[in-house]
Amino acid sequence: MKKYHQRQVRKGGLWVLLLLAVGGSLSACRENAIDDLSAADSPVYITNYDKSVNFGQYKTFSLPDSVIIETNTGYVPAQNSVSTQFVNNIANTLTARGFQRVAKGDSADLGVAIIRVNKQYTGVGVDPYGYYSSYWGYGYGGYGGYYPYYPTYYTYQVADQYWEIQIVDLKNSTTNSSGQKQVNVIYDATIRGTDVTDTQSVDAATTAIFNQSMYLQASR
């Protein structure tokens, strides 16, 4: 198992849809820490946090009962055995570390979201050796066996699937000139590599994530 630690603040409008009564954009800057990893490196747990934040200042957290599925077209809530296990494990761990979960709609110091990213990307590539199919043949335009170069194009599709846990600072949110709330992501955990498809995998992933996030502690 490989572990990576880096600092991250992410941008997005996802929190409008998390039933937390909070809107606005999140600012972000991220380096991809898992480029060129092979299947042998799976699973990979990447934990990120704002090192300027004292987590002891927070007392309560809000966590929806469902996860958010993030696709190319938007966000939708989902609930099944895997998502329920994620919610229960995260809620229980944060509670054991001194935070108190509040009911939906109540004010909280922290907002927690569990996100299933499921996106597909389509691109266009060029075959640099495509001209060989036209290299030999009859003369063209007086050039004797050489045909003009017409590159071969092809399309490809890449699937990007992983789990992400985000914690935002609701306690210190601000309001912009448009009256929208702005919140900062102060913690982010990403689960990549082997997919999480059953409750046992959820247990292993959440245990690993929180074991390398011991700073997530409320003041006793």
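Residues numbered from 1 in each chain as written. Predicted model: local features only at pLDDT ≥ 70, side-chain atom pairs only at ≥ 80, totals over all residues. Heavy atoms only, no water.

### With respect to the packing of helix H1 (residues 81-96) against helix H2 (residues 199-211)
Direction vectors running N to C along H1 and H2 enclose 30°, while the axes themselves pass 9 Å from each other. Judged on the interaxial angle alone, H2 and H1 are roughly parallel. The element H1 and its partner H2 pack so that their crossing is right-handed. Contacts between H1 and H2 involve Ser81, Val82, Gln85, Phe86, Asn89, Ile90, Thr93 and Leu94 on the former and, on the latter, Thr199, Val202, Asp203, Thr206 and Phe210. Split into classes, the residues belonging to the contact of H1 with H2 amount to six nonpolar, six polar and one charged. (Axes fitted to C-alpha atoms, helices over the stretch in contact; angles between N-to-C directions. Helix = DSSP H or I, 4+ residues; strand = E, 2+ residues; numbered from the N terminus. Parallel < 35°, antiparallel > 145°, perpendicular 65-115°, else oblique. Left-handed = near helix turned anticlockwise from the far one by under 90°. Contact = heavy atoms within 4.5 Å. Nonpolar A, V, L, I, M, F, W, Y, C, P; charged D, E, K, R; others polar.)

### What about the confidence of the model for the protein?
Low pLDDT marks regions whose predicted coordinates should not be analysed in detail. Per-residue confidence for the protein gives a mean pLDDT of 75; residues scoring 70 or more make up 65%. Averaged over each element, pLDDT in the protein is lowest for strand E1 (residues 2-6) (42) and highest for strand E6 (residues 100-101) (97). Scored below 50 in pLDDT, residues 1-30 makes 96 contacts in the model with residues more than four places away or belonging to other chains. Scored below 50 in pLDDT, residues 131-143 shows 15 contacts in the model against residues more than four places distant or in partner chains. (pLDDT = per-residue confidence, 0-100.)

### Remarks on the pairing of strand E2 (residues 44-49)
Counting buried residues in E2 gives five out of six residues, a clear majority hidden from the surface. Where E2 meets strand E9 (residues 181-192), six bridges bridge the pair, whose relative direction is antiparallel. Among the inter-strand pairings, Thr47 is bridged to a residue of E9, identified as Ala189. (Buried < 20%, exposed > 50% of the residue type's maximum accessible area, 1.4 Å probe, protein only. Pairing = 2+ DSSP bridges.)

### Here we look at the environment of Phe55
Mapped onto the secondary structure, Phe55 falls in the loop between E2 and strand E3 (60-62). Exposure remark for Phe55: the relative accessible area of 4% places this residue in the buried category. Setting aside residues up to four positions removed in sequence, Phe55 forms contacts with Tyr49, Phe99, Ile186, Tyr215, Leu216, Gln217 and Ala218.

### Some thoughts on the packing of aromatic side chains
For the structure on display, the rule yields five aromatic pairs. Between Tyr49 and Tyr215, the aromatic rings sit 3.8 Å apart at their centres with planes inclined by 25°, giving stacked as the arrangement. A residue pair is termed long-range when its members are at least 10 positions apart, and Tyr49 in strand E2 and Tyr215 in the segment after H2 qualify at 166 residues. Grouping aromatic residues by their ring pairs yields a cluster made of Tyr49, Phe55, Tyr58, Tyr187 and Tyr215. Sitting over the face of the ring of Tyr162, Arg192 holds its NZ or CZ atom 3.8 Å from the ring centroid. (Phe/Tyr/Trp six-rings, centres within 6.5 Å; stacked < 30°, edge-to-face > 60°. Lys NZ or Arg CZ within 6 Å of the ring centre and 35° of its normal.)

### Section: the environment of Tyr75
Mapping Tyr75 onto the fold places it in strand E5 (residues 74-78). Residue classification places Tyr75 among the partly exposed residues on the basis of a relative accessible area of 31%.

### Here we look at H2
Residues separated by three or four positions in an α-helix point in the same direction, a consequence of the helix having 3.6 residues per turn. For H2, with 13 residues, the first-to-last C-alpha span of 18 Å sits near the 18 Å given by 1.5 Å per residue. The N-cap of H2, judged by a side-chain oxygen 3.2 Å from the amide nitrogen of Gln200 a few residues on, is Asp198. (Expected span 1.5 Å × (residues − 1). Polar contact = N/O pair within 3.5 Å; in protein donor to acceptor, adjacent residues only side chain to side chain.)

### So, the side chain of Thr60
Within the secondary structure layout, Thr60 lies in strand E3. What makes Thr60 buried here is its relative accessible area of 16%. A polar side-chain atom of Thr60 sits 2.9 Å from the main-chain amide nitrogen of Asp109. Excluding residues within four positions of it along the chain, Thr60 makes contact with Gln100, Val102, Ser107, Ala108, Asp109 and Leu110.

### Overview of the environment of Ser173
Relative to the assigned elements, Ser173 resides in strand E8 (residues 152-175). As for Ser173 and Val183, which are separated by ten residues in sequence, their C-alpha atoms are 4.9 Å apart. Those residues within four positions of Ser173 in sequence are excluded, and the remaining contacts are Lys181, Gln182 and Val183. Within the local environment of Ser173, its side chain forms a polar contact with the backbone oxygen of Leu170, the two atoms lying 3.3 Å apart.

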